[in-house]
Amino acid sequence: MRPFEYHVPADAATAVRDVAVDPTAKFLAGGTNLVDHLKLGIVEPGLLVDVTALTSAEIEDRDGGLWIGAGARNSDLAADRLVRERYPLLAQALLAGASGQLRNMATTGGNPLQRTRCVYFQDVTTPCNKRVPGSGCSAVGGYTRYHAILGASDHCVATHPSDMAVALAALDAKVHLLGPDGERSIPFVDLHRLPGATPEKDTTLQHGDLITAIELPSLPMARRSRYRKVRDRASYAFALVSVAAALDVADGVVREARIALGGVAHKPWRAHRAEEVLRGAPAEAESYQRAARAEVADAQALEGLDGGNGFKIPLVTRTLVAVLRELS
Ligand SMILES: Cc1cc2nc3c(=O)[nH]c(=O)nc-3n(C[C@H](O)[C@H](O)[C@H](O)COP(=O)(O)OP(=O)(O)OC[C@H]3O[C@@H](n4cnc5c(N)ncnc54)[C@H](O)[C@@H]3O)c2cc1C
């Protein structure tokens, strides 16, 4: 492991400045992903800037929504009374991730910025365009069970691993940032990106952008919401596919739906097509099947040494239908 410096600056603005001027520098929060990457040799920063004491850990009620400081730990967020009442899908997504000990360390800022679990990305002896741009993608024709069926490119077929991020994408969350040019906020659905020809970039953030908080809007329909994760083991495993959904049904008709899918793409996948099909449709299985089929209409299965990932298309379709039926 390459030696690095470790800073604990006095405030967030200094942290941002320290990282912005050093292209290799990284923010360090709970360290549950970044420290693994240091050990594996995936990243070799010259400087780690510890932000755990600089970002708020508060979870506050704001006009019926929630303001979640980037330093709030995943276990505290999952246990928060307002989260469980107003956004049960978020509490369920958090509890479906990692383990109790990891959730005690993992933060609201660090969780959505964890990197793919693609085995080739994590194995520095294999080519990977995300780790070393231009080196090739070993997953194409390799082991693809955990890889993308939507929005992939020839350069990268990796999936985004966070469960929490899928719930935040469904909830129309907002990300508050402090960057080298000051404060700004962006919709959560614009935080992550599809790989295209530059898969080394997971997000739309600039180097030195610090997540300071995540804001959830007031969304009464989210009180009736679910997160369902399908995985190879019942715990301590990443999603093969997952569904985060909230449904507003009145008089047997869907008034509104919020849906995001996990384990299917390079980013949490907001299911706009399915939502569109559902709006105004009878709240019944046939509508849910139509919605799910519309969402995966452009899905592309990958072949692979392990039999490929074609199973994900019917799996995500059936999981979405099951979640919607449960909600209605
Ligand atoms: C064995 C194991 C199993 C796991 N299983 C799951 C699972 O099933 N589901 C799941 O969702 N996750 C899982 N995880 C991942 C875990 O949830 C993440 O590692 C954790 O959420 C990352 O948060 P952190 O605070 O530790 O981030 P760190 O590791 O400290 O940082 C992660 C990245 O975010 C950046 N960063 C951190 N904070 C900020 C900030 N405020 N602003 C800007 N950049 C920042 C860092 O520079 C780094 O690039 C698992 C991890 C392990 C080790």
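Each chain carries its own residue numbering, running from 1 in the written order of its sequence. Since the coordinates come from a predicted model, pLDDT governs what is reported: local features require at least 70, and pairs of side-chain atoms require 80 or more to be given and counted, while whole-chain, interface and lining totals use all residues. Each side-chain value is worked out from all heavy atoms of the structure, with water and hydrogens disregarded.

Trainee: Residues and numbers for the nonpolar core, please.
Mentor: The definition of a nonpolar core used throughout is a set of buried Ala, Val, Leu, Ile, Met, Phe, Trp, Tyr and Cys residues joined through side-chain atoms within 4.5 Å. Three labels apply to residues, based on accessible area from a 1.4 Å probe with only protein chains included: buried if under 20% of the type maximum, exposed if over 50%, partly exposed otherwise in between. Core analysis: the largest hydrophobic core is formed by 41 residues, its most contacted members being L90, F188 and L216. Only DSSP runs of H or I with at least four residues qualify as helices, and only runs of E with at least two residues qualify as strands; both kinds are numbered from the N terminus onward. When residues of this core are traced back to their parent elements, those giving at least two are strand 5 (65-69), helix 3 (74-79), helix 4 (81-86), helix 5 (88-95), helix 8 (163-170), strand 6 (174-179), strand 8 (210-216) and strand 10 (241-250). Among the elements that line this core, the one with the most residues is helix 8, at 7 residues. One finds L261, W269, A292 and V296 within the second-largest nonpolar core, a separate group that totals 29 residues.

Trainee: Describe in detail the environment of I59, supporting the description with residues and values.
Mentor: Mapped onto the secondary structure, I59 falls in strand 4 (residues 59-62). Placed 23 residues apart in sequence, I59 and L82 show a C-alpha to C-alpha distance of 8.9 Å. What makes two residues a contact is simply this: any of their non-hydrogen atoms within 4.5 Å. Leave out the neighbours within four places in its chain, and I59 touches L66, W67, I68, A72, D76, L77 and D80.

Trainee: Lay out the state of the cysteines in plain terms, naming residues and giving numbers.
Mentor: Whenever a pair of cysteine sulfur atoms sits within 2.5 Å, that pair is classed as a disulfide. Following the criterion strictly, the structure yields 0 disulfides and no others. Looking at the unpaired C118, the closest cysteine sulfur is the one in C128, lying at 5.9 Å. By relative accessible area, C118 is classed as buried at 10%.

Trainee: Could you give an account of the packing of aromatic side chains, with specific residues and numbers?
Mentor: Here the distance between the centres and the angle between the planes together describe a pair of aromatic rings. Only Phe, Tyr and Trp rings take part, Trp by its six-membered ring, and two of them pair if their centres are within 6.5 Å. Stacked means planes under 30 degrees apart, edge-to-face means over 60, and tilted covers everything else. Here the structure, examined in full by the defined rule, presents 0 aromatic pairs. Taking the ring centre of W67 as reference, the NZ or CZ of R62 above it sits at 4.2 Å. Charge-over-ring contacts are defined here by two conditions on Lys NZ or Arg CZ: a distance within 6 Å of the ring centre and an angle within 35 degrees of the ring normal.

Trainee: I'd love a proper account of empty space enclosed by the protein, names of residues and values included.
Mentor: The way it works is a 1 Å grid over only the protein atoms, where trapped points that fit a 1.4 Å probe form a cavity and open points with protein on both sides within 12 Å along at least five of seven lines form a pocket, and then any residue with an atom within 4 Å of a point lines it. Grid points are joined across faces, edges and corners, and a volume is the space filled by probe spheres set on the points. Overall, the coordinates contain 2 cavities of 30 Å³ or more when judged by the stated rule. C118, C128, C137, C156 and A158 are the residues nearest the centre of the largest cavity, which is lined by 15 residues in total. Split into classes, the residues belonging to the lining of the largest cavity amount to 10 nonpolar, 4 polar and 1 charged. Considered as a void within the structure, the second largest cavity measures approximately 60 Å³ in volume. Basically, the charged four are Asp, Glu, Lys and Arg, the nonpolar ten are Ala, Val, Leu, Ile, Met, Phe, Trp, Tyr, Cys and Pro, and anything else, Gly included, counts as polar.

Trainee: Could you give me a rundown of the environment of A297, with the residues and numbers involved?
Mentor: Looking at the element boundaries, A297 is found in the loop between helix 10 (285-295) and helix 11 (312-327). Between the alpha carbons of A297 and R273 there is a distance of 9.6 Å; along the sequence they are 24 residues apart.

Trainee: Describe the site of the ligand, with residues and values.
Mentor: We call a residue near a molecule or strand as soon as one heavy atom of that residue lies within 4 Å of the molecule or strand. Near the ligand lie 30 residues; those nearest to it are F27, G31, T32, T107 and D163. In the analysis that follows, any N or O atom pair within 3.5 Å is treated as a polar contact, provided that within protein one partner can donate a hydrogen and the other can accept it, and provided that, for residues neighboring in sequence, both atoms belong to side chains. Here an oxygen atom of the ligand and a side-chain polar atom of N111 are 3.4 Å apart. Within the backbone of I211, one N or O atom sits 2.8 Å away from a nitrogen atom of the ligand. In isolation the ligand exposes 980 Å². Once the protein is present, 92% of that is buried. Across the shell around the ligand, the residue classes break down as 13 nonpolar, 12 polar and 5 charged. Residue burial considers only the protein chains on display, and all accessible areas are found by Shrake-Rupley using a 1.4 Å probe.

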